[in-house]
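For reference, the chains in residue letters:
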Amino acid sequence: MSDGVIIIGGSHAAIACADHLRKSGYEGPIAIHSREAELPYQRPPLSKGYVSGAVTLDRLHLRPKEWYSDQNIDLHLSSMITSISRESKEIVTTDSERYAYETLVLATGAEARSLPDDIGGSLSNVHLMRDLDDANALKKVMAVGKKVVIIGGGYIGLEAAAEASKAGMDVTLIEAAPRILQRVACEQTADVFRALHAAHGVKIMEDTQIDRIEPDASGAARVVRLANGTELACDLVIVGIGITPNTDLALAAGLDVAVGISVDEHGRTSDPDIYASGDCTVLPMHNTPTRLESVQNAHDQAAIVAENIAGRETQYHPEPWFWSDQYDMKLQIAGLNRGYDTVVVRPGKREGSVSHFYFKGDEFLAVDCLNDGATYMLSRKVLASGKTLTPSMAGDESFALKSLLA
């Protein structure tokens, strides 16, 4: 129908790319194709304030409806893309409509991983937590006194446990690894969250594998059977065992795909007319192919993609940051703790606040700040500046982090 930029996906990355294209002076046609019927929305609050009712849907929208027309952006909702024709430079929808592009951006995001059907993963009251439909389904069944079993002790599982506990539910969380947050955080951070959840009545079972989820006569999950034979009664199950990048379109189109769509430092795929950004990508970071599952990466990488489409050759140098809200605890993470061998604990200025600094030798990699916003902001600036922060400095409470930025 019209050449220009076509963006596939309704994610943070998709909207950020369109926004920055206009801010970069791009005046050509922009079209966004989202498979969801709802206006593009924020996903992190779904497992936090939205399921509890504290945040309404209108507050989740990334942009109001009028913004798209004001910016001359053609928004296609409920638009399912079935294929990409790189030869004719077109995308094809389930209705066999074809849309021509000059430049294509894949912002297809990721899907929540589910349990296999043969162990009960598709039972009616076994829930995932990734999109609006998932959150709406959970809102309908979360009620005081119900028994919920949560499978997965990463941030999604822990956030779901916090909301369920706050709703007055009987919560048991199962983690297959030796401890919660095994893949993403140090033991010290895991210890804080384990104690926090225990104080709110959540039962956490680590180093525990499930055998299967047993249904009742109606086909709903009623028992989670563990590998050791233990049976846990349940009214519902929430599965939070990670995500899988949406790479099917890229694979079918013959693009390079690893554990995500492979892109270079400009956000380009193996086809120079196709870019990708957000959770669906694998990008180069410190000479290592890296997946960054965060709003920060989706936004910042998309902005770089827009810059390059607009003709400004710009490289992406990620400065990762993440966050998680559970009960009255705000965890803020700066950097990426990959390859750390030392953790330094530094108490914060406020009662109950603490930060855990990750080092590889003397190299400062990342920090987990728990109710310690001041340390988080200073640490982000130190990481961005490239200034040297050693383990001894971090461990010295009298050492002022801001002195590195003077």
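On a predicted model such as this, the values are computed, not experimentally measured, just so you know.

(A) Representation of empty space enclosed by the protein. Counting across every chain of the model gives 1 cavity of 30 Å³ or more. The space that makes up the largest cavity amounts to roughly 40 Å³. Contributing to the lining of the largest cavity are Ser47, Val51, Met129, Leu138, Met142, Ala160, Glu163 and Ile238. Here the residues of the lining of the largest cavity sort into 6 nonpolar, 1 polar and 1 charged.

(B) Structural view of the sheet that holds strand E12 (residues 203–205). Spatial ordering of the open sheet is given by E9-E16-E10-E11-E12, a layout of 5 strands whose pairing is parallel. Two strands lie at the open edges of the sheet, namely strand E9 (126–127) and E12, each paired on one side alone. Where strand E10 (residues 147–151) and strand E16 (residues 236–239) come together, 4 bridges link them in parallel fashion. Paired with Ile151 across the strands is Val239, a residue of E16.

(C) Local environment of the pattern of salt bridges. Under the definition given, this model contains 22 salt bridges. Salt-bridge contacts for Lys203 lead to Asp170; the nearest nitrogen and oxygen are separated by 2.8 Å. Of this pair, Lys203 sits in strand E12 while Asp170 sits in strand E11 (residues 170–174), placing them 33 residues apart in sequence. Using a relative accessible area of 41% as the deciding quantity, one classes Lys203 as partly exposed. Ionic pairing is found between Arg212 and Glu214, a salt bridge with its closest N-O pair at 3.5 Å. The exposure class of Arg212 is partly exposed, given its relative accessible area of 29%. Exposure remark for Glu214: the relative accessible area of 22% places this residue in the partly exposed category. By sharing partners, the salt bridges in this structure join Arg212, Glu214, Arg225 and Glu231 into a single network.

(D) Structural view of the sheet that holds strand E21 (residues 288–290). Here we have 3 strands laid out as an open sheet, ordered E18-E20-E21, and mixed in their pairing. Each end of this open sheet is capped by a strand with a single partner; those strands are strand E18 (261–262) and E21. Note: strand E20 (residues 281–285) against E21, 3 bridges, orientation antiparallel. Considered in E21, the bridge of Met285 is made with Thr288.

(E) Region of the structure containing the packing of aromatic side chains. Using the criterion set out here, one finds 5 aromatic pairs in the structure. Here Trp67 and Tyr68 contribute two aromatic rings whose centre-to-centre distance is 5.0 Å and whose plane-to-plane angle is 85°, an arrangement assigned as edge-to-face. Its relative accessible area of 11% is what places Trp67 among the buried residues. On the basis of relative accessibility, which here comes to 3%, the residue Tyr68 falls in the buried class. Through a chain of ring-to-ring contacts, the aromatic side chains of Phe357, Phe359 and Phe364 assemble into a single cluster. Taking the ring centre of Trp67 as reference, the NZ or CZ of Arg63 above it sits at 5.0 Å. The side chain of Lys139 reaches across the aromatic face of Tyr50, ending 4.2 Å from its centre.

(F) Helix H9 (residues 295–309), seen in detail. Across its 15 residues, H9 extends 21 Å between first and last C-alpha, which sits within 8% of the 21 Å expected from 1.5 Å per residue. In terms of burial, H9 is a largely internal element, 12 of the 15 residues being buried. Among the residues of H9, Gln296, Asn297, Ala298, Gln301, Ala302, Ala303, Ile304, Val305, Ala306, Glu307, Asn308 and Ile309 are the ones counted as buried.

What counts, and at which threshold
Residues numbered from 1 in each chain as written. Predicted model: local features only at pLDDT ≥ 70, side-chain atom pairs only at ≥ 80, totals over all residues. Heavy atoms only, no water. 1 Å grid on protein atoms, 1.4 Å probe; cavity = no way out; pocket = protein on both sides within 12 Å on 5 of 7 lines; lining within 4 Å. Points joined across faces, edges and corners; volume = space filled by probe spheres on them. Nonpolar A, V, L, I, M, F, W, Y, C, P; charged D, E, K, R; others polar. Pairing = 2+ DSSP bridges. Helix = DSSP H or I, 4+ residues; strand = E, 2+ residues; numbered from the N terminus. Salt bridge = Lys/Arg side-chain N within 4 Å of Asp/Glu carboxyl O. Buried < 20%, exposed > 50% of the residue type's maximum accessible area, 1.4 Å probe, protein only. Phe/Tyr/Trp six-rings, centres within 6.5 Å; stacked < 30°, edge-to-face > 60°. Lys NZ or Arg CZ within 6 Å of the ring centre and 35° of its normal. Expected span 1.5 Å × (residues − 1).

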